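# Topology and contacts: notes
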Amino acid sequence: MTRPLPSYPSTRPGSAREAAGEPAPITPHHVAHRGGAENPSVAALRERFGAAIVRAHVMWGETTVIVAADAIHDVIAFLRDEPAHAYNYLVDVTAVEYRDAEQPMELVWHLRSLPWQRFLRLKVEIPKGEPLVAPSITDLYASADWLERECFDMFGVTFTGHPDLRRILMWDTYREGHPLRKDFPLRGRFSRSEQLTQALSIDTVGRYSMTELTIAEAFDDLPADMRERLAERRAAELARSMRTLDAGDDA
Amino acid sequence: MSRRTIEMAVGTSGVDQFGRPMRAPLAVRGNGALVLEAPPEPELEGDHMLINIGPQHPATHGVLRLVLELDGETVVRCVPHIGYLHCGFEKIGEYRQYNQIIPWTDREDYLNSIGNNVAFVLGCERLFGIQITPRCTVLRVIAMEMSRIMSHLVWMGTTCIDIGAFTPFLWLYQERENLYNLLEGWVGARLTTSATRVGGMAAEVPDGWMDGLKAFIRGFPKTLDEADRMLARNGIWMGRTVGIGALSADEAINYGLSGAMLRASGVAYDVRKDVPYLDYETYDFDVPVGTQGDVYDRYLVRVEEMRQSIRILEQAVQRLPDGPLNVDDPRVILPPKTRATSQMESMIHHFKLVMEGPRPPIGEVYVPVESPKGEKGYYLVSDGTSKPVRWRIRPPAFVNLSAIPRMVEGHLLSDVIAINASIDIVMGEIDR
């Protein structure tokens, strides 16, 4: 069993860029706040999608494109599949909510093109009060799975088409809301004593087992009496957290 | 010993999901001896079995929980559960000034704390439009590469333990101790360093510190070679790692992997080369890549990365310039105490900085760095006040871990431990 030691390749991710004769990237010094060279993909996006590209700007050397909500999936698929852009690497999916109540909520996709060594930020603006819905891009990037789940968990954004959209950092029966929303208080919605009471009285079977057993399709194989017992505990847990939620609202 | 005492001791075990006792029941024979009674064999009839690993399990490196569906000993499906260490760092950051967030960056990826400090202030400085001094740039490179070696040493040591080798762990932790002593001499803390400030560093390196670093640079490659010699051609090590958890280059890119995970699959993406920061393009170092993308290649790539980090450290020590450490900008850097107590203007700057904190212009930045785990980026959004609207950590280990269901499927249960170790997870960063 022998294996060659790791090699140092002459072809790097930026091979397309090198082939096109563009210089290798260097550390940016003296970046301007506004303005500067726009990402070349923006012109192609404008040509291809027209009015669906709401606007684009360059800030601190990074290009941001604001896209209409219904076109975002097509835009990302175009950017990924077109060889002249090849944004094959999804860096991040997240959201931004401003303190200013007038400003719309923003959903943010960070894309990177490994062959062209380019970075692009896509945004969809959702006015306050409208439902937070966006198409899922899990069919394009496998990495979108957990990133979208986190965005759903923290902001309550529903990604339509996501195969398994459930909470990821908070637990399934968490009822206090979505923690990174600006209307969510820093200490949570419930009082410290209520949070402590909840933490001490967690019925771990009722809270966790059902989900996992359902996921692994082992639930149906359980004895009938145990299934009933689990369902009861689950229902009791949900009812209790609903009650505390109501109590928290009254307070 | 009465019979009742024994029943109390052994009779409190729970039952598993099938209603059977979780521990093997002990029976008491007539002479008082404890005898193990074999539990009845479950009638599986080819059914799949559900196995839970964690959240409190030594091989999950923290509080990761994996629910595995097994066919015999082969993994059919894996459902990871995270969030047990969720502290709400991003939420807390929205209520803190920029310099006050730096201690939180220590605590997310706590094996790479000084690297996170540097990464965070790089984002802040882009957001403030500040150009740091040449001496600060080189010192930060030294900090980041030290941090990379420390993190990789922990990874290598704990992976050895997971797979069953104990000796390299002790050798590697001894070297890590040397680095922690150096860090302690520089910033006063070992783990929670908080070493940087927006526009500079918290402290200048003390006299003679560079000699300590040079001694480490001389001595460490020998230890690394010894540990590498113990493992790289070791039959047990190769048997546990070769061909395990392999991902192709396309899959690795599609899963958003970064760092050694991606490079082991043959993609030479390194943030230091592709999106340079801190003048990394002027250092002479190589980016090792693997060919198979399995656990063994990840090991080879990480070991080689440590050697390359030593090369960068050698160059950084040689080129370290004299000069000021912090930028001369009263918007972000506190004036010297003597001036603050004697000159009106400096006192005002001091007061404003302490009470209000530095204020960046309206804007947003995403600044990635190559952390030991992969591409770590801080996405900062400012609305012009002294506290960020949004502080987003792009967690490399979170994205890397999301590929574990794909990597473990079809492998044996014991390989799950090796694959999980190869991801180099730190739950503090994943759960944040």
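For the structure, check the block above.
The rules we used
- Residues numbered from 1 in each chain as written.
- Chains lettered and ligands numbered in written order.
- Predicted model: local features only at pLDDT ≥ 70, side-chain atom pairs only at ≥ 80, totals over all residues.
- Heavy atoms only, no water.
- Helix = DSSP H or I, 4+ residues; strand = E, 2+ residues; numbered from the N terminus.
- Areas by Shrake-Rupley, 256 points an atom, 1.4 Å probe, with all protein chains shown as cover.
- Pairing = 2+ DSSP bridges.
- Axes fitted to C-alpha atoms, helices over the stretch in contact; angles between N-to-C directions.
- Contact = heavy atoms within 4.5 Å.
- Buried area = accessible area lost by both parts, 1.4 Å probe.
- Salt bridge = Lys/Arg side-chain N within 4 Å of Asp/Glu carboxyl O.
- Polar contact = N/O pair within 3.5 Å; in protein donor to acceptor, adjacent residues only side chain to side chain.
- Nonpolar A, V, L, I, M, F, W, Y, C, P; charged D, E, K, R; others polar.
- Parallel < 35°, antiparallel > 145°, perpendicular 65-115°, else oblique.
- Left-handed = near helix turned anticlockwise from the far one by under 90°.
- Buried < 20%, exposed > 50% of the residue type's maximum accessible area, 1.4 Å probe, protein only.
- Expected span 1.5 Å × (residues − 1).
- Arc of directions from axis to C-beta.
- Core = buried A, V, L, I, M, F, W, Y, C linked by side-chain atoms within 4.5 Å.

Moving on, we come to the overall build of chain B. Check the secondary structure of chain B and you find 18 helices and 10 strands. As displayed, chain B offers around 16500 Å² of accessible surface, 55% of which is attributable to carbon and sulfur atoms.

Here the focus is the sheet that holds strand S2 (residues 62-67) of chain A. Residue and element names in this part refer to chain A. Read from one edge to the other, the open sheet built from 5 strands follows the order S1-S2-S5-S4-S3, with strand pairing classed as mixed. Edge positions in the sheet fall to strand S1 (53-59) and strand S3 (89-96), since each has one partner strand and no second. Ignoring which end each strand starts from, the neighbouring axes of this sheet average 20 degrees apart. Across the sheet, helix H4 (residues 144-155) touches S3 and strand S4 (105-113), and the angle it forms with S3 is around 5 degrees.

On the chain A side, the residues contacting the 88 residues of chain B number 76 residues. Summed over both sides, the interface of chain B with chain A buries roughly 6700 Å², with 57% coming from carbon and sulfur. Inspection of the chain B/chain A interface yields 8 salt bridges. Residues Glu 375 of chain B and Arg 112 of chain A are paired through a salt bridge, measuring 2.8 Å at the closest nitrogen-oxygen approach. Remark: the boundary between chain B and chain A carries 32 residue pairs in polar contact (both at pLDDT 80 or more). The element contributing the most residues to the side of chain B that touches chain A is helix H12 (residues 295-319) of chain B, with 6 residues. Of the residues that constitute the side of chain B that touches chain A, the class distribution is 43 nonpolar, 18 polar and 27 charged.

Turning our eyes to something else, we now look at the packing of helix H6 (residues 167-187) of chain B against helix H7 (residues 209-231) of chain B. Residues and elements named next belong to chain B. It is at 10 Å that the axes of H6 and H7 come closest, and there the two elements cross at 165 degrees. Considering their axes alone, H6 and H7 lie roughly antiparallel with respect to each other. Helix-helix and strand crossings are classified by hand; for H6 and H7 the assignment is left-handed. Between H6, through Thr 167, Pro 168, Trp 171, Leu 172, Glu 175, Asn 178, Leu 179, Leu 182, Gly 185 and Trp 186, and H7, the contact on the second element is made entirely by Trp 209, Gly 212, Leu 213, Phe 216, Gly 219, Phe 220, Thr 223, Glu 226, Ala 227, Met 230 and Leu 231.

Before going further, it helps to examine the pattern of salt bridges. All names here are of chain A. For the structure shown, the criterion picks out 47 salt bridges over all chains. One salt bridge connects Glu 38 with Arg 46, and the closest N-O pair in it is separated by 3.9 Å. For the salt bridge of Glu 106 with Lys 123, the shortest nitrogen-to-oxygen distance reads 2.9 Å. You can see Glu 106 sitting in strand S4 and its partner Lys 123 sitting in strand S5 (residues 118-126), a full 17 residues away along the chain. For the pair formed by Glu 106 and Lys 123, the shared burial category is buried.

With that settled, the discussion passes to the pairing of S3 of chain A. All names here are of chain A. Most of S3 sits inside the fold, with 8 of its 8 residues counted as buried. Of the pairings in the sheet, the one linking S3 to S4 comprises 7 bridges and is antiparallel in character. Pairing of Ala 95 across the sheet is with Leu 107, part of S4.

For Ala 86 of chain A, which is not glycine, the phi dihedral falls at a positive 50 degrees. For Ala 86 of chain A, the location among the structural elements is in the loop between helix H3 (72-81) and S3. The exposure class assigned to Ala 86 of chain A is buried, which follows from its relative accessible area of 12%. At Leu 278 of chain B, a position not held by glycine, the phi torsion is positive, near 50 degrees. Along the chain, Leu 278 of chain B turns up in the loop between helix H11 (271-274) and H12. For Leu 278 of chain B, a relative accessible area of 5% puts it in the buried group.

To continue, consider helix H14 (residues 344-355) of chain B. All names here are of chain B. The terminal C-alpha atoms of H14 lie 16 Å apart, and with 12 residues this matches the ideal 16 Å at 1.5 Å per residue to within 8%. Looking at H14, one finds that the buried residues are Ser 346, His 350 and Leu 353. For H14, the angular spread of buried residues about the axis comes to 70 degrees, placing them on one side. Residues Met 344, Glu 345, Phe 351 and Met 355 are exposed on H14 and point more than 90 degrees away from its buried face. Tucked inside the fold, the buried residues of H14 contact helix H13 (337-342). Gly 357 sits one or two positions beyond H14 and adopts a positive phi of about 85 degrees.

With that settled, the discussion passes to the nonpolar core. Core analysis: the biggest nonpolar cluster contains 176 residues, and Trp 109 and Leu 122 of chain A together with Ile 82, Phe 120, Ile 142, Met 156 and Tyr 299 of chain B have the highest contact counts within it. In terms of residue count, helix H5 (residues 134-163) of chain B provides more of this core than any other element does, 15 residues in total. Apart from residues no more than four positions distant in its own chain, Ile 142 of chain B is found in contact with Trp 209, Met 210, Leu 213, Leu 313 and Ala 316 of chain B.

Moving on, we come to H4 of chain A. Residues and elements named next belong to chain A. In this model H4 runs 16 Å from its N-terminal to its C-terminal C-alpha over 12 residues, within 8% of the 16 Å that 1.5 Å per residue would give. Burial of H4 is extensive: 11 of the 12 residues sit out of reach of the surface. Regarding H4, the residues found buried are Ala 144, Trp 146, Leu 147, Glu 148, Arg 149, Glu 150, Cys 151, Phe 152, Asp 153, Met 154 and Phe 155. Where H4 ends, the next residue or the one after it, Gly 156, has phi of about 80 degrees, a positive value.

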